[in-house]
Amino acid sequence: MTLYTQVAANQRKTWFLLTFFLVLIIGFGWLFSIVYQSNAILVFAVVLSLLLNIYSYWYSDKLVLKMAGAKPVEKKDYPELYRLVENLAITAGLPTPKIYLIDNSSPNAFATGRDKNHASIAVTSGLLNILNKPELEGVLAHELSHIGNKDILISTIVVVFAGVFTLLANWFLQISFWGGGSRNDRNSEGGLAFIFGLIAAILAPIAATIIQLAISRKREFLADASGALLTRYPDGLISALQKISSSQPMKVNSSTAHLYFESPLKTDKTGSEPSFLVRIFMTHPPIEDRIKALRGLDVS
């Protein structure tokens, strides 16, 4: 598989998972409307999703940067960092994103924003101190690839949908124990729907998390491939992955962990070959898998 076919395949899989997630949310709201015999529930779920999407589209990047403790930096303070980002952005055909610094000794980075014209890259102080120039260039190219591949918007939408899905599930479980609707009519269509709805409400948050993390992992493979193409030097990215994988975990909000270049969470730094169950709940692919994929790429 060449770099170009891998990029195309990952894009198709990502959009397929995203579409599947949308169908699940709509279906969940539809099931609620049957259980409680009210179309208003479905309307409420759709409207709530739209409102949250609008909010996340315009303000999610600011929220993420604030949660990470990222501060904007000026070119005069970090001229080499700015030069690398500007040169890579020109090569990628992208506007230069805003640059932020996170005061943390653990090397990591992430990109956020709603599109290429409103994007930001945040790097930790540890990333600047530990990586050499080719390694730092590889990480920055990876993050710029997230911007170019429109991953930053996709990840935001998925986070919102996962939150709505979990909210609906919690709401269903809570009001189920207070009665109402067709709960008292076990022989009716509504009674059967209630049983399936209750099962769905229990499993929905788990399914939402798995799908959310699966999309995140697909994005990382795609950004690695695109970043290697951008620099024409995958060894720099490989070396950066090796260094970062042995670093100490960062204290971050788990809801933003999937945005980082490499998982900042201690639970994802297993130190050994992860089991199948562990892999399902990892925010990023194992380092070994990412390195193997990079070494198999043709960037000529």
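Going by the structure above, here's the rest.
So, a few notes on the structure that sits alongside this text. (Residues numbered from 1 in each chain as written. Predicted model: local features only at pLDDT ≥ 70, side-chain atom pairs only at ≥ 80, totals over all residues. Heavy atoms only, no water.)

Digging into the nonpolar core
Generally speaking, a soluble globular protein has its nonpolar side chains buried in company with each other.
Right, on to step 1. Counting residues in each nonpolar core, the largest one holds 37 residues, and the members touching the most others are Ile121, Val123, Leu127, Val139, Leu140, Ile147 and Leu294.
Right, on to step 2. Every element with two or more residues in this core is listed here: α3 (79-92), β2 (98-102), β3 (109-113), β4 (119-124), α5 (133-148), α7 (189-231), α8 (234-245) and α10 (287-295).
Right, on to step 3. Ranked by residue count, the leading element in this core is α5, at 6 residues.
Right, on to step 4. Not counting residues within four places of it along the chain, the set of residues in contact with Val123 comprises Leu81, Tyr100, Leu101, Ile102, Asn108, Ala109, Leu128 and Leu140. (Core = buried A, V, L, I, M, F, W, Y, C linked by side-chain atoms within 4.5 Å. Buried < 20%, exposed > 50% of the residue type's maximum accessible area, 1.4 Å probe, protein only. Helix = DSSP H or I, 4+ residues; strand = E, 2+ residues; numbered from the N terminus. Contact = heavy atoms within 4.5 Å.)

Points about the packing of α8 against α10
Right, on to step 1. Contact geometry for α8 and α10: axes closest at 10 Å, N-to-C directions at 170°. Classified by the angle between their axes, α8 and α10 sit roughly antiparallel to one another. Facing α8, whose interface residues are Pro234, Leu237, Ile238, Leu241, Gln242 and Ser245, α10 presents Ile287, Arg290, Ile291, Leu294 and Arg295.
Right, on to step 2. Grouping the constituent residues of the contact of α8 with α10 by class yields 7 nonpolar, 2 polar and 2 charged. (Axes fitted to C-alpha atoms, helices over the stretch in contact; angles between N-to-C directions. Parallel < 35°, antiparallel > 145°, perpendicular 65-115°, else oblique. Nonpolar A, V, L, I, M, F, W, Y, C, P; charged D, E, K, R; others polar.)

Quick notes on the environment of Glu262
Right, on to step 1. Structurally, Glu262 can be placed in the loop between α8 and α9 (276-280).
Right, on to step 2. A residue is classified by how much of its surface remains accessible, and Glu262, at 5% relative accessible area, is buried.
Right, on to step 3. Linking Glu262 and Ile287, residues 25 residues apart in sequence, is a C-alpha distance of 8.5 Å.

Describing the sheet that holds strand β1 (residues 71-72)
Right, on to step 1. With mixed pairing, the 4 strands of this open sheet are ordered in space as β1-β2-β4-β3. Only two strands of the sheet have a single partner each, and these edge strands are β1 and β3.
Right, on to step 2. Summarising the sheet, β3 and β4 pair through 5 bridges and their orientation is antiparallel. Looking at β4, one finds that Ala109 is bridged to Val123. (Pairing = 2+ DSSP bridges.)

A few points about the side chain of Ser263
Right, on to step 1. Position of Ser263 among the secondary structure elements: in the loop between α8 and α9.
Right, on to step 2. There is a polar contact of 3.3 Å between the side chain of Ser263 and the backbone nitrogen of Leu265. (Polar contact = N/O pair within 3.5 Å; in protein donor to acceptor, adjacent residues only side chain to side chain.)

Examining α10
Right, on to step 1. Where α10 is concerned, the buried positions are Ile287, Arg290, Ile291 and Leu294. The buried side chains of α10 occupy one side of the element, clustering within an arc of 95° when seen end-on. (Arc of directions from axis to C-beta.)

Overview of unusual backbone geometry
Right, on to step 1. Positive phi values are uncommon outside glycine, yet Lys150 reaches one of about 60°.
Right, on to step 2. Locating Lys150 in the fold gives a position in the loop between α5 and α6 (151-176).
Right, on to step 3. Lys150 gets classed as exposed once you look at its relative accessible area, which sits at 58%.
Right, on to step 4. Positive phi is not limited to glycine here, since Arg232 has a value of about 60°.

Some thoughts on the environment of Gly126
Right, on to step 1. Mapped onto the elements of the fold, Gly126 is located in helix α4 (residues 125-130).
Right, on to step 2. Taking the C-alpha atoms as reference points, Gly126 and Ile102, separated by 24 residues in sequence, lie 8.8 Å from one another.
Right, on to step 3. Those residues in contact with Gly126 that lie beyond four places of it in its chain are Asn104, Ser105, Ser106 and Pro107.

Some words on the pattern of salt bridges
Right, on to step 1. The final tally for this structure, using the stated rule, is 9 salt bridges.
Right, on to step 2. A salt bridge links Lys76 to Glu74, with the nearest nitrogen and oxygen atoms 3.6 Å apart.
Right, on to step 3. Look at Lys76 and you get exposed, because its relative accessible area is 64%.
Right, on to step 4. Between Glu135 and Lys243 there is a salt bridge, with the nearest N and O atoms lying 2.9 Å from each other. With Glu135 in helix α5 and Lys243 in helix α8, the pair connects residues that are 108 residues apart, well separated along the chain.
Right, on to step 5. Owing to a relative accessible area of 33%, Lys243 belongs among the partly exposed residues under this scheme.
Right, on to step 6. Within the structure, one salt-bridge network assembled from shared partners comprises Glu220, Asp224, Glu262 and Arg290. (Salt bridge = Lys/Arg side-chain N within 4 Å of Asp/Glu carboxyl O.)

Focus: the packing of aromatic side chains
Right, on to step 1. Going through the model one piece at a time under the given rule, you end up with 1 aromatic pair.
Right, on to step 2. Taking 5.0 Å as the distance between ring centres and 65° as the angle between the ring planes, the aromatic pair formed by Phe110 and Tyr260 counts as edge-to-face. In this pair, Phe110 is assigned in strand β3 and Tyr260 in the loop between α8 and α9, connecting sequence segments 150 residues apart.
Right, on to step 3. Accessibility expressed as a relative area gives 1% for Phe110, which makes it buried.
Right, on to step 4. Above the ring of Phe261, the side-chain terminus of Arg290 is found at 5.0 Å from the ring centroid. (Phe/Tyr/Trp six-rings, centres within 6.5 Å; stacked < 30°, edge-to-face > 60°. Lys NZ or Arg CZ within 6 Å of the ring centre and 35° of its normal.)

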